[in-house]
Amino acid sequence: MKRKLLGRGLLILAVVLSAIALAYPPKNKINLGLDLQGGMHLVLQVHTVDALRATVDNDVDRLTRLASDKGFAGVAAHRVGDTGFEVTGATEANRDQVVKLVEDSFRDYQTRKGAPGLAYEMSTTAVHANEKLAVSQAKTTIDNRVNQFGVTEPVIQEATGNRIVVELPGVDDPERVRRLIKNTAFLEFRLTRMPKAGSPALPTRQAVIDALGGQVPPDVEILEGDLRDANKNVTGKQFWAVEKKRVMTGRELKDARPSQGQFQEPVVAFSMTPAGSEVFGAATAANVGTGLAIVLDGRVVTAPVIKSKISDSGVIEGHFSTEEVQDLSTALRSGALPAGLTYLEERTVGPSLGRDSIQQGLLAGVIGTSLVILTMLLVYHLSGVNAVMALLLNVLIVFGGMGAFHSTLTLPGIAGIILTIGMAVDANVLVFERIREEMRAGRTLRSAIDLGFERAFSSIIDTHVTTIVSALFLFQFGTGPIKGFAVTLTIGLIASLFTAVFVSKWIFDFWLSRRWVHNLTMTRLFQDTNFDFMKWRKFWIVASLLLVLGGVLAILGLEGRHINLGIDFAGGTQMELRFKDKPQIDNLRRILETQGLGGAQIQRFGGQDSNEAIIKTAQVKNESGTRERIESAFDKSFNPGNAGKVDLNRVGAEQVAQILLQADPDHVLAQGPDKASEHYTGVANAIQSERKKDVLFASWDQLAAGKGVSPADIEALKARTVLGAFTVIGVEHVGPQVGKELRSQGLWAVFASLLGMLLYIGFRFEPRFGIGAIMACIHDVLVTLGLFTLMGYEFNLTTIAAFLTLIGYSVNDTVVIFDRMRENMRKNRRKPLIEIMNESINQTLSRTVMTSGLTMLTVAALLVFGGDVLHGFAFVMTVGIIVGTYSSIYVASPFALLWEQLFGSQGRLRKGGPAAAAAATAKGVPAPASRSTPPVAQPGEPRPAAPNRPTRVAGRRR
């Protein structure tokens, strides 16, 4: 016995040491999510059709050159659609030779069936290969750009559907990152097509069409660009007619560097690869006097006139600022993207918002854990000490598991840990209540402890497995923070199995071996209750159906409210802003109306006295421009007269360092540019750190608090920057495609979770119990969702996590009661089912109230101290625990009984058996006899003799 005790103790010690080693130091082992440390999350769609068109254009040019080299005069080719081309100019004499040339040199193409002439189409295999290559090249290019930007530990990975997911933690200038990654994505050189070569762009699209004779030729398209004034500010739009055929794309560039033009203006100097030089030289030599449009992401940057042949180098000019030239050079130097990009989803969290989330989450965790520990000690006394020790080890194992997998801790993840703490004690409560029952039955302390763990083990396994099923579906269908929540919850549940069963039992055995404990006292909440819960079952079924009906009416909007779909599902843009002074909502709405955004939802965030506001707009065609329109409108209203100056409250440290470096207020440039850059980078970081404390500077005096910031630095910034009246601390953008996918994923997650639990409960118990459990789940979800809708909370991904967790929790409570019913049915198969149900619910009532109360403590801490971000999550769990406790008693069991009475275990109406016995008992008639098997003895109980069966004595029948 002592040897086994020592072995188990050494195993627990090994687990503890391993968890500490895996979790320490936490900064290096566990990554903080973007919602905790700030940063950007982007989902980019690669326009692979751009890459396919570019590939076909290159092949068309190569085919024309090959035909010329072979002496096939007049043979040319042009692209048809996105993946095909057509050969023209072939004669009867050389047709077969041209066909052979195409078949030998362009094996990725096949003859287009049914098309006249020599028409070819790229094969399906080649299309997929080119699309995959385009996504891979785009990922590599974005990776290079981000690395040159200096982001720490970026995450850039390919996703399904030709998408790329980019996560950039700690970014303090999100706007510049967006511009660097996306706005300078796809570079093209195209010839202009105007009646007069080199004529300027026209102010409207219709003016261009009129200049072309009233009709746009099939090989021409109209592109727009920005019209800027002398100060490089955008004042309007202008339009060009350009050829669809590309002269060259950015993939042929070899290098790009910031430079200066003939009037000392910032320009980008570029050089080309040998192959690019040959193509570009031939094109420019043949089109001297024609305009050459430089197109970035489908927008014309500039369209200079070709004055002479350009062979291997040139410049890109377009009224750029110094910063724009640097970013454009970085993008081109790191490799031009093979295709354009659209960002389907963007989530930007300011570092201050992340810091607040950490503080609120930790506060809620400390308070919730403290309340749980205090309650366990007050109710279970010395056994509560055992539970607290197991609970602390549980938390340690959770962090060790997260460290082992290098998991990301998110705000929902913190909620998952807090919820795990509340649910982890459920296993201890099950064991302790069992131990109490065995001690009341007269068992010795050691026997009561052994039987308590043994008999509670089945319920513990069932409750944990059902919740793990919910967590697995969360991980499968969730994205970003929800996956973090699922991982945290799963690790916590597995750790709970280990600590509540293995560790807690070892602690009891160790105390007994040392003779430290001779008795276990516990406070009993309910003394031998004998409530007839099933007496009013029909009333409760009707009441529950009415509650469900009310929830459905609320969900359908028939009670005046509709589900408030968040950005995750509705799509659109949501911005969180902080102002110097408390903003008036009506004033903000009037300002937005000037930009055509009068329909935006505006609400104060953080309380009635808060300086923060959330602005939510519906989906628009150009979603990426919504943020700029909102900021521009507020700038005109709150920052009048500041046009042309940098807002120090909305720029990153790198831009601040560049401003100081150019001004050199501390006179360190004489020591060399590297020394000066290092110095001013340190000053800029100190200024940004000081700003993060209050999110924005209200006065210039606040800058002086930064370490190493000199008065000369402040004076230089005063002359070149302004302190704006607001700043953006968080942005979320979800496109219609992603929103639709998230909606379908959420519905599938709920449906699959319910189905998985139904199958598990049906397998572990009987179909009637599975039906009862699922009816209770549906009841809990619809009632809670109805109240959630009436309260006006936002339905988002975090809410989906809450509802799936609620499903798991609801089933937990139901499974414990059903498990006791199964046990009691084995003990006495002659007793009517309705009596067994009442008996089982009374026996588990203390555990039900205790577990619900402990979990409620942790959830209440989230609701009160978890911050606005987790209010919806905490509300769902708070209501769900109350409704779930009710449904475990008054929905699950009555529906299971109703199913039994209607169909019985054979799928048809039965005349005998437990249901008939129940009905007879209810009418005062003796229950009919039942041919049942002998009762099964539980461990530690004497085995009952089988009725009507002869026994053997000394090998003879008696």
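Residues numbered from 1 in each chain as written. Predicted model: local features only at pLDDT ≥ 70, side-chain atom pairs only at ≥ 80, totals over all residues. Heavy atoms only, no water.

**Describing the overall build of the protein**
Selection rule: The way it works is that DSSP assigns letters per residue, a run of H or I at least four long becomes a helix, a run of E at least two long becomes a strand, and they are numbered from the N terminus. Relative accessibility decides the category of a residue: with a 1.4 Å probe and only protein chains considered, values under 20% of the type maximum give buried, values over 50% give exposed, and everything between is partly exposed. For this analysis, residues touch if any pair of their heavy atoms sits within 4.5 Å. Accessible surface is estimated by sampling points in the Shrake-Rupley manner with a 1.4 Å probe; for residues, cover comes only from the protein chains shown.
For the protein, the helix and strand inventory stands at 28 helices and 29 strands. Relative to its 958 residues, the protein shows a buried fraction of 51%. The long-range share in the protein, meaning contacts at least 24 apart out of those at least 6 apart in sequence, stands at 75%. As displayed, the protein has an accessible area near 43500 Å², and 57% of this comes from carbon and sulfur atoms.

**Examining the environment of Arg768**
Along the chain, the position of Arg768 falls in helix α23 (residues 767-791). Take Arg768: its relative accessible area is 8%, and that puts it in the buried class. Excluding residues that lie within four positions of it along the chain, Arg768 makes contacts with Met825, Leu833, Ala896, Trp899 and Glu900.

**Looking at the sheet that holds strand β17 (residues 313-316)**
Test applied: Here the rule is simple: two strands pair whenever DSSP picks up at least two bridges between them. Axis geometry follows a simple rule: fit a line to the C-alpha atoms, using only the stretch in contact for helices, then measure angles between N-to-C directions, giving values from 0 to 180 degrees.
Strand order in the open sheet made by the 3 strands is β13-β14-β17, with antiparallel pairing throughout. Each edge of the sheet is formed by a strand with only one pairing partner; in this case those strands are β13 (253-260) and β17. Across the sheet, the axes of successive neighbouring strands diverge by a mean angle of 25°, strand direction being ignored. Inspection of the sheet shows strand β14 (residues 266-272) paired to β17 by 4 bridges, in the antiparallel sense. Bridge assignment links Val268 to a residue of β17, and that residue is Ile316.

**Describing the packing of aromatic side chains**
Rules: The pairing test for Phe, Tyr and Trp rings, Trp by its six-membered ring, is centres within 6.5 Å, and the orientation test on the planes gives stacked under 30 degrees, edge-to-face over 60, and tilted for anything in between. Throughout this description, the term charge over a ring refers to an Arg CZ or Lys NZ atom that lies within 6 Å of the ring centre and within 35 degrees of the ring normal.
Throughout the structure, instances matching the rule amount to 32 aromatic pairs. Summarising the aromatic geometry, the rings of Phe510 and Trp516 are spaced 5.4 Å apart at their centres and angled 90° between planes, so their arrangement reads as edge-to-face. Feature note: the residues Phe531, Phe533, Phe539, Trp540, Tyr886 and Tyr890 constitute an aromatic cluster, connected by ring pairs. Cation over ring: Arg8 sits above Phe502, and NZ or CZ is 5.9 Å from the ring centre.

**Observations regarding the side chain of Thr192**
Its place among the elements puts Thr192 in the loop between β9 (187-191) and α8 (205-211). Once residues lying within four places of it in the same chain are set aside, the contact partners of Thr192 are Trp240, Ala241, Val242, Thr290, Gly291, Leu292, Ala293 and Ala303.

**Here's the deal with empty space enclosed by the protein**
Going by this rule: Grid spacing is 1 Å over the protein atoms alone, the probe is 1.4 Å, and a cavity is where that probe fits but cannot get out, while a pocket is an open set with protein on both sides within 12 Å along at least five of seven lines and lining residues have an atom within 4 Å of a point. Grid points are joined across faces, edges and corners, and a volume is the space filled by probe spheres set on the points.
Summed over the entire model, instances satisfying the criterion amount to 7 cavities of 30 Å³ or more. In this structure, the largest cavity occupies an estimated 110 Å³ of space. Taken together, 13 residues form the lining of the largest cavity, with Leu430, Arg434, Val816, Arg820 and Thr844 sitting closest to its centre. Every element with two or more residues in the lining of the largest cavity is listed here: α12 (411-440), α13 (445-477) and α24 (797-827). Considering every element that reaches the lining of the largest cavity, the biggest residue donor is α12, with 4 residues.

**Describing the pattern of salt bridges**
What counts here: Only one rule defines a salt bridge in this text: a Lys or Arg side-chain nitrogen within 4 Å of an Asp or Glu carboxyl oxygen.
By the definition in use, this model includes 34 salt bridges. The structure contains a network of salt bridges with shared partners spanning Asp57, Arg79, Glu188, Arg190, Glu221 and Arg246.

**Comments concerning the confidence of the model for the protein**
Filter applied, for reference: Residue-level confidence of the predictor is what pLDDT reports, using numbers from 0 through 100.
Predicted confidence across the protein gives a mean pLDDT of 79, with 86% of residues reaching 70 or more. Taken as a whole, residues 905-958 scores under 50 in pLDDT and shows 60 contacts with residues more than four places along the chain or in a different chain.

**Focus: the nonpolar core**
In a soluble, globular protein the nonpolar side chains are often hidden away together inside. As a reminder of what qualifies: Note on terminology: a nonpolar core comprises buried Ala, Val, Leu, Ile, Met, Phe, Trp, Tyr and Cys residues joined through side-chain atoms within 4.5 Å.
In this structure, Met376, Phe432 and Ile435 are the most contacted members of the largest nonpolar core, which totals 118 residues. Aside from chain neighbours lying at most four places away, what touches Phe432 is Met376, Tyr380, Ser383, Gly384, Ala387, Ser504, Phe508 and Met522.

**Some points on the packing of α23 against α24**
Two numbers describe a pair of packed helices, the interaxial angle and the distance between the axes. Our working rule: For any helix crossing, the convention is left-handed if the near helix is rotated counterclockwise from the far helix by under a right angle, and right-handed if that rotation is clockwise. Under this grouping Gly is polar, as are all residues other than the nonpolar Ala, Val, Leu, Ile, Met, Phe, Trp, Tyr, Cys and Pro and the charged Asp, Glu, Lys and Arg.
Where α23 meets α24, the axes come as close as 9 Å, and the angle between the chain directions of the two elements is 145°. Considering only the axes of α23 and α24, their crossing is right-handed. Across the interface between the two elements, Arg768, Phe769, Ala773, Ala776, Cys777, Asp780, Val781, Thr784, Leu785 and Phe788 from α23 touch Thr799, Phe803, Leu806, Ile807, Ser810, Val811, Thr814, Phe818, Met821 and Met825 from α24. Here the contact of α23 with α24 is composed, by residue class, of 14 nonpolar, 4 polar and 2 charged.

**A few points about the sheet that holds strand β5 (residues 109-111)**
Strand order in the open sheet formed by 4 strands is β3-β4-β6-β5, with antiparallel pairing between adjacent strands. The open sheet has two edge strands with one neighbour each: β3 (76-80) and β5. Here the strands of the sheet are splayed against their neighbours by 30° on average, with no regard to which way each runs. Two strands pair when backbone bridges link them, and β5 and strand β6 (residues 118-122) are joined in this way by 3 bridges, in the antiparallel orientation. Across the sheet, residue Gln110 finds its bridge partner in β6, namely Glu121. Here helix α4 (residues 48-69) sits on the sheet in contact with β3, β4 (84-88), β5 and β6, set at roughly 170° to β3. This element, helix α5 (residues 95-105), spans β4 and β6 of the sheet and lies at about 5° to β6.

**A short note on the pairing of β3**
Pairing analysis gives 5 bridges linking β3 to β4, with the strands arranged antiparallel. Looking across to β4, one finds that Ala76 is bridged to Thr88. Hairpin connection of β3 to β4: 3 residues between the antiparallel strands, including Gly81 at a positive phi of 75°.

**A short note on the packing of helix α17 (residues 585-593) against helix α18 (residues 626-638)**
Running from N to C, α17 and α18 point in directions that differ by 115°, and their axes come no closer than 9 Å. Between α17 and α18 the crossing geometry is right-handed. Facing Asn587, Leu588, Ile591 and Leu592 of α17, the residues of α18 in contact are Ile630, Ala633, Phe634, Ser637 and Phe638. Among the residues forming the contact of α17 with α18, the class breakdown is 7 nonpolar, 2 polar and no charged.

**Quick look at unusual backbone geometry**
With an omega dihedral of -10°, the bond running from Tyr24 to Pro25 counts as a cis peptide bond. Here His381, not a glycine, exhibits a phi torsion of approximately 55°, which is positive. Mapping His381 onto the fold places it in helix α11 (residues 351-404). Using a relative accessible area of 29% as the deciding quantity, one classes His381 as partly exposed. Phi is positive for Asp664, close to 50°, though the residue is something other than glycine.

**Section: the side chain of Glu131**
By the secondary structure assignment, Glu131 is in helix α6 (residues 124-149). If sequence neighbours within four positions are ignored, Glu131 has contacts with Thr48, Leu52 and Asn162.

**Examining α24**
Applicable threshold: Expected span of a helix: the number of residues minus one, times 1.5 Å.
Compared with an ideal rise of 1.5 Å per residue, which puts 31 residues at 45 Å, α24 spans 45 Å between its outermost C-alpha atoms and is within 8% of the ideal. Most of α24 is tucked away: 29 of the 31 residues are buried.

**Quick word on the environment of Leu525**
On the secondary structure map, Leu525 appears in the loop between α14 (481-513) and α15 (537-555). Here the alpha-carbon distance between Leu525 and Val849, two residues 324 residues apart in the chain, equals 8.6 Å. Once residues within four sequence positions are removed from consideration, Leu525 is found in contact with Ser846, Val849 and Met850.

**Remarks on a nonpolar patch on the surface**
For the record, the criterion: Residues form patches when they are more than 30% accessible in relative terms and have no salt bridge. Like charges link within 9 Å. Nonpolar side chains (Val, Leu, Ile, Met, Phe, Trp, Tyr) link within 5 Å.
A contiguous nonpolar patch, built from Leu6, Leu10, Leu13, Leu17, Ile20 and Tyr24 and spanning about 630 Å² of accessible area, is present on the exposed surface. Position of Leu13 relative to the elements: it lies in helix α1 (residues 2-23).

**Description of a positive patch on the surface**
Using the following cut-off: Positive charges are assigned to Lys and Arg, negative charges to Asp and Glu, while His and the chain termini are left out of the count. In plain terms, the charge of a residue is placed at NZ if it is Lys, CZ if Arg, CG if Asp and CD if Glu.
A grouping of Lys2, Arg446, Arg514 and Arg515 is seen on the molecular surface, where their side chains present a positively charged patch. For Arg446, the location among the structural elements is in helix α13.

**Brief notes about the pairing of strand β21 (residues 572-579)**
Among the 8 residues that make up β21, 8 are buried, leaving the element largely enclosed by the rest of the structure. Residues Gly572, Gln574, Glu576 and Arg578 line one face of β21 and the alternating positions Thr573, Met575, Leu577 and Phe579 line the opposite face, and both faces are buried. As paired elements, β21 and strand β26 (residues 726-734) share 8 bridges and run antiparallel to each other. The residue of β26 that forms the bridge with Glu576 is Gly730. One ladder, built from 6 bridges, connects β21 with strand β23 (residues 612-617); its direction is antiparallel. For Arg578, the partnering residue across the bridge sits in β23 and is Glu612.

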